Amino acid sequence: MIRIRPADGTPPFDAARRLTVPMDYLAVLHRTREVVLYAAANGGSFVVDWARTNLLAGTAAATVIAPDDEEIPVGGRPEVIWALMNLLASLGLSNPAPVLDLRKRPLNGAAGAVMEVVWGEYARHRRATGSPKAGDPADGPGGAGRAAV
């Protein structure tokens, strides 16, 4: 049984389906209970996106390349990755790769919104914990302590 919580505000619903988990992704399910789905608008069908679930679980490196060529690591930050996935979906964009390169079309049109998500989630994390996570940029765009992969 899977509880599906659509990002668009649609009420959550349950779906029962037998799934075969690829061997490469069994370890992912030990790190997270959340999976990324492609779901039909009526909720009648869905497919698990194992590669994106892997990114969400933090078991794969994930990087955003800003328009100024700066590489920002977002791996191990599920709140950022989840927000980015939802933003891109809301804009009708897809990026199945672990690198989100904002210098390239069509993603460069969403660069401003993506960077707001990256720095906004980071700022929320800092306020909540009082300190940055290891490997996170220290002061936002252009600030000291920027980490590059």
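Residues numbered from 1 in each chain as written. Predicted model: local features only at pLDDT ≥ 70, side-chain atom pairs only at ≥ 80, totals over all residues. Heavy atoms only, no water.

Considerations on the pattern of salt bridges
In plain terms, the rule: The rule for a salt bridge is simple: a side-chain nitrogen of Lys or Arg has to be within 4 Å of a carboxyl oxygen of Asp or Glu. The secondary structure listing takes helices from DSSP runs of H or I that are at least 4 residues long and strands from runs of E that are at least 2 residues long, numbered from the N terminus. Each residue is placed in one exposure class: buried if its accessible area under a 1.4 Å probe, protein chains only, is under 20% of its type's maximum, exposed if it is over 50%, and partly exposed if it falls in between.
Evaluation of the coordinates by the stated rule reveals four salt bridges. With its nearest N and O atoms 3.0 Å apart, the salt bridge here joins Arg 103 to Asp 69. Of this pair, Arg 103 sits in the loop between β7 (99-101) and α4 (111-129) while Asp 69 sits in the loop between β5 (63-65) and β6 (71-73); the two residues are 34 residues apart in sequence, bridging distant segments of the chain. A residue is classified by how much of its surface remains accessible, and Arg 103, at 39% relative accessible area, is partly exposed.

Digging into helix α2 (residues 50-57)
Because an α-helix completes one turn every 3.6 residues, residues spaced three or four positions apart along the sequence face the same direction. Our working rule: Polar contact is defined as a pair of N or O atoms within 3.5 Å, subject to the rule that within protein one atom must be able to donate a hydrogen and the other to accept it, and that residues adjacent in sequence are counted only when both atoms are side-chain atoms.
Counted residue by residue, α2 has seven buried out of eight residues, so it is predominantly covered. The N-cap of α2, judged by a side-chain oxygen 3.3 Å from the amide nitrogen of Ala 51 a few residues on, is Asp 49.

Details of the packing of aromatic side chains
Note the threshold: Aromatic rings from Phe, Tyr and Trp, taking only the six-membered ring of Trp, are treated as a pair when their centres fall within 6.5 Å; an angle between ring planes under 30 degrees marks them as stacked, one over 60 as edge-to-face, and anything in between as tilted.
As enumerated under the stated definition, the model contains one aromatic pair in all. Residues Tyr 25 and Trp 50 carry aromatic rings whose centres are separated by 5.9 Å and whose planes lie at 20 degrees to one another, so their mutual orientation is stacked. In this pair, Tyr 25 sits in the loop between β2 (13-15) and α1 (28-31) while Trp 50 sits in helix α2, placing the two residues 25 residues apart along the sequence. The buried category is assigned to Trp 50, whose relative accessible area is 13%.

Here's the deal with the nonpolar core
Among soluble globular proteins, nonpolar side chains are generally buried collectively. The following threshold applies: In this text, buried Ala, Val, Leu, Ile, Met, Phe, Trp, Tyr and Cys residues form a nonpolar core when linked through side-chain atoms within 4.5 Å.
Grouped together as the largest cluster of nonpolar side chains are 26 residues, with contacts concentrated most on Val 64, Ile 72, Leu 84, Leu 100, Leu 102, Val 114 and Val 118. For this core, the elements supplying multiple residues, two or more each, are α2, α3 (78-90) and α4. With seven residues, α3 is the largest single contributor of residues to this core. Judged by nonpolar contacts, the second largest core, of five residues, contains Tyr 25, Val 28, Val 48 and Ala 57.

Remarks on the sheet that holds β6
Quick reminder of the rule: Any two strands with at least two DSSP-identified bridges between them are counted as paired. Every axis in this analysis is a line fitted to C-alpha atoms, fitted for helices over the stretch in contact. Angles between the N-to-C directions lie between 0 and 180 degrees.
Overall, mixed pairing links the three strands, which are arranged β6-β5-β7 in an open sheet. Each edge of the open sheet carries a strand with a single partner, namely β6 and β7. On average, each strand axis in the sheet is tilted by 20 degrees relative to the strand beside it, whichever way the strands run. Sheet analysis places β5 next to β6, joined by three bridges and oriented antiparallel. Residue Val 64 lies in a different strand from β6, and its bridge partner there is Ile 72.

Points about unusual backbone geometry
The peptide bond linking Arg 105 to Pro 106 adopts the cis configuration, its omega dihedral lying at 0 degrees. In this fold, Pro 106 is placed in the loop between β7 and α4. The phi angle at Asp 69 is positive, at roughly 75 degrees, despite the residue not being glycine. You can call Asp 69 partly exposed: its relative accessible area is 49%.

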